[in-house]
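# A structural walkthrough
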Amino acid sequence: FKNNCYKQIIEETKDNVKRLRHHASLGLWCGNNEMESAWDHWGGFNDHSDALKQDYLTMFEKLIPEALKSENDATFYWPSSPSSGGNFTDPDSDDIGDRHYWDVWHGEKPFSDYENYYFRFCSEFGFQSFPCKKTINTFTLPEDRNIFSEVMESHQKNGSANAKILHYIAENFLYPKDFESLIYISQVLQAIAIKSGVEHWRRNRGRCMGAIYWQLNDNWPVASWASIDYFGRWKALHYMAARFFAPKAGYIYTEGTKAVISAANETLENQSLTVTVRIRDVELNVLFEENVETTVKAQSSIHVLERDFADVIGSKKRRVFAEAVYTWQDGTISTEAESFVPYKHMDLLQPQIETSVTENDGTIAIQISADCFAPFVWLETEEDVIFSDNCFDLTSEETKTIYIRKEDVLSGKMLSADNVRKTLKIRSLRDTYEQ
């Protein structure tokens, strides 16, 4: 019987390797998710017999890797995730292999808790949000649109999650004024949670060599850890991940009145960089400015500038933010902004956001500007589209241009500038609470 089971394991492994081995995105083969960790120290698992543990080792550390090698000897195999390499040897080590981390979210720790850990590779961490209103409308009636309604709770399979979202809103933002604002804020929360972890680990590249968030997408319309919902609509996290996971990226970390301006370069070549660091008030006045020219070596990260801005900020801590504009040698420009207090304590102004919409050869351009600091600007249109950028900060009076390519209209329909102009909706953080 056991030999027959072994044969089935080998043949199933070979069949699936043949099915998947050609995928360009295949990074490694992993034997299982969290089984080694569970057998090592999870209650209800770690008391299994030695014979069963031996069967585990035979399956995941002998049969599967040997079958893999016979069909795909070029791709690395890892016995479990997390793992330090197998054989139940400290599978949750911070120093070897990969690590899963859930104290932010399940443990309700603040986002700053990421900074206490310097994992070699964080292969699973995450944070929930609700899908957008369009998606919620597909499974609710108007009377169901309360996050604690029976229908909304049935589309939430983590029993305490809706309360967790409210807990994290309380830590970071003012209470949203209505249901749509709550949905939007939940997505902003999710995005800045994952951004906090990734930025910390990228700032410590060399010790920390990677991060994978849970999860990419959904198999039904639901509140979840996904960054793309069931209908293919991008949440705020997916847009922000494109920026904070970019091969060349910049970050701002603030604590008290101090700011650390960092840059990461995952390309294979050294990159020259100019960073313009400013302290602005919410009216967009510049209180401090400094240009720093530097080089970020290939596959490295650096601190560009570290400074205590107490002398600049004075008593205006609630009305100022740090801005860093990164100009790379190939002309790529990105802008980062960070407050010195939680956003719930910022004295934000209500921005007047101006837009113009034009079209050229099937690509629609949306030019957008604001008269004051506007964090987490979010665009929506009647048609589902993938914008070139979304959930971004407007930190100056300069115009930002967002594009919609015809191939990024999810329905495949032809989209005109006139249609976008008529149906475009814009919100920012200040719109989520009462005057």
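Our subject is the structure that appears above.
First things first, this report covers the structure right here in the doc. Position numbers for residues start from 1 in each chain and track the written sequence from start to end. Restriction of local features to residues with pLDDT of at least 70 applies here, the model being predicted, together with a cutoff of 80 or more for giving and counting side-chain atom pairs; totals for whole chains, interfaces and linings are based on all residues. Water and hydrogen atoms were dropped before computing side-chain values, which therefore reflect all heavy atoms in the structure.

### Some points on the sheet that holds strand β7 (residues 258-265)
At least two DSSP bridges between two strands are needed for those strands to be called paired. Each helix is a run of DSSP H or I of at least 4 residues and each strand a run of E of at least 2, with the numbering of both proceeding from the N terminus. Here three strands make up an open sheet; going across it, the order is β6-β7-β10 and the pairing antiparallel. Edge positions in the sheet fall to β6 (248-255) and β10 (300-308), since each has one partner strand and no second. Between one strand and the next, the sheet's axes are offset by a mean angle of 15°, whatever the strand orientation. Here β7 runs beside β10; their pairing, made up of eight bridges, is antiparallel. From the neighbouring strand, Asn265 faces β10, where its bridge partner is Ser300. Of the strands in this sheet, β6, β7 and β10 are in contact with helix α7 (residues 179-203), which crosses β6 at around 105°. Each axis is a line fitted through C-alpha atoms, and for a helix only the stretch in contact is used; angles between axes span 0 to 180 degrees, taken between their N-to-C directions. Throughout, a contact is declared for two residues whenever any of their heavy atoms are within 4.5 Å.

### Observations regarding the packing of aromatic side chains
How two aromatic rings sit relative to each other is given by the distance of their centres and the angle of their planes. A pair of Phe, Tyr and Trp rings is counted when the ring centres sit within 6.5 Å of each other, with Trp represented by its six-membered ring. The angle between the planes then sorts it: under 30 degrees is stacked, over 60 is edge-to-face, the rest tilted. Counted under the stated rule, the structure contains 30 aromatic pairs. Between the aromatic rings of Phe321 and Phe373, the centroid separation amounts to 3.9 Å while the plane-to-plane angle is 15°, which identifies the pairing as stacked. Residue Phe321 is found in strand β11 (residues 320-328), and its partner Phe373 is found in the loop between β14 (363-370) and β15 (374-380); the two are separated by 52 residues along the sequence. Comparing Phe321 with Phe373 shows no difference in burial state: the two are buried. Here the aromatic residues Tyr101, Tyr114, Tyr117, Phe119, Phe125 and Trp201 are joined through ring pairs into a cluster of three or more. Summary of the burial criterion: residues with accessible area below 20% of their type's maximum are buried, those above 50% are exposed, and those between are partly exposed, where the area comes from a 1.4 Å probe applied to protein chains only.

### Let's talk about the pattern of salt bridges
Any carboxyl oxygen of Asp or Glu within 4 Å of a side-chain nitrogen of Lys or Arg constitutes a salt bridge here. Applying the stated rule across the entire model yields 25 salt bridges. The partner of Asp384 in a salt bridge is Lys134, and the shortest N-O contact between them spans 2.9 Å. On the criterion of sequence distance, the pair formed by Asp384 in the loop between β15 and β16 (392-394) and Lys134 in helix α4 (residues 133-137) is long-range, its members being 250 residues apart. A salt bridge links Asp418 to Lys422, with the shortest nitrogen-to-oxygen separation between them at 3.2 Å. Taken together, the residues span about one helical turn, with Asp418 and Lys422 both in helix α10 (residues 417-423) at a distance of four residues. Since its relative accessible area comes to 37%, Asp418 is described here as partly exposed. Residue classification places Lys422 among the exposed residues on the basis of a relative accessible area of 66%.

### Details of the packing of α7 against helix α8 (residues 236-244)
Interhelical geometry of α7 versus α8 gives an angle of 20° and a closest axis separation of 8 Å. The pairing of α7 with α8 is recorded here as roughly parallel in orientation. The hand of the α7/α8 crossing is right-handed. Where α7 approaches α8, its residues Gln187, Val188, Gln190, Ala191, Ile192, Ile194, Lys195, Val198 and Arg202 are matched on the opposing element by Ala236, Leu237, Met240 and Phe244. A breakdown of the residues in the contact of α7 with α8 according to their chemical character gives nine nonpolar, two polar and two charged. Each angle is binned into one of four classes, with values under 35 degrees roughly parallel, values over 145 roughly antiparallel, values of 65 to 115 roughly perpendicular, and all other values oblique. Handedness of a crossing follows from how the near helix is turned relative to the far one, being left-handed for an anticlockwise turn of less than a right angle and right-handed for a clockwise one. Side-chain classes are defined by residue name, with Ala, Val, Leu, Ile, Met, Phe, Trp, Tyr, Cys and Pro counting as nonpolar, Asp, Glu, Lys and Arg as charged, and the others, Gly among them, as polar.

### As for the side chain of Ser186
Checked against the element boundaries, Ser186 lands in helix α7. Polar contacts here mean pairs of N or O atoms no more than 3.5 Å apart (in protein, one a potential hydrogen donor and the other a potential acceptor; neighbouring residues in sequence count only if both atoms are side-chain atoms). At 3.1 Å, the side chain of Ser186 and the backbone nitrogen of Phe130 are in polar contact. A polar atom in the side chain of Ser186 sits 2.7 Å from the backbone oxygen of Ile183. When sequence neighbours within four positions are dropped, the list of residues in contact with Ser186 reads Gln128, Ser129, Phe130 and Ile165.

### Comments concerning the packing of helix α1 (residues 2-20) against helix α3 (residues 50-71)
It is the contact of α1 with α3, at a shortest axis distance of 9 Å, that shows an interaxial angle of 45°. The angle between the axes of α1 and α3 places the two elements in the oblique class. Crossing of α1 against α3: the hand is right-handed. Every residue of α3 that contacts α1 at Lys2, Tyr6, Ile9, Ile10, Thr13, Lys14, Val17 and Lys18 is listed here: Asp55, Thr58, Met59, Leu63, Ile64, Ala67, Leu68, Ser70 and Glu71. Here the contact of α1 with α3 is built from residues that sort into nine nonpolar, three polar and five charged.

### Some remarks on the environment of Lys53
If you trace the backbone, Lys53 turns up in helix α3. Remark: the alpha-carbon pair of Lys53 and Trp39, spanning 14 residues in sequence, is separated by 7.9 Å.

### Looking at the nonpolar core
The tendency in soluble globular proteins is for nonpolar side chains to be buried as a group. Only buried residues count toward a nonpolar core, which is a set of Ala, Val, Leu, Ile, Met, Phe, Trp, Tyr and Cys residues joined through side-chain atoms within 4.5 Å. Counting 83 residues, the largest nonpolar core has Phe125, Phe127, Phe173, Phe376 and Ile404 as the members making the most contacts within it. Here this core gets 13 residues from one element, more than from any other, and that element is α7. Leaving out residues up to four positions away in the same chain, Ile404 has contacts with Gly362, Thr363, Ile364, Ile366, Val385, Phe387, Val409, Leu415 and Val420. Counting 22 residues, the second-largest nonpolar core is a separate cluster that includes Ala263, Val296, Val312 and Ile313.

### Some details on the pairing of strand β4 (residues 122-125)
Where strand β3 (residues 99-100) meets β4, two bridges bridge the pair, whose relative direction is parallel. Note that in β4 the partner of Arg99 across the bridge is Cys122. Bridging between β4 and strand β5 (residues 211-213) involves two bridges; their strand directions are parallel. From the neighbouring strand, Cys122 faces β5, where its bridge partner is Ala211.

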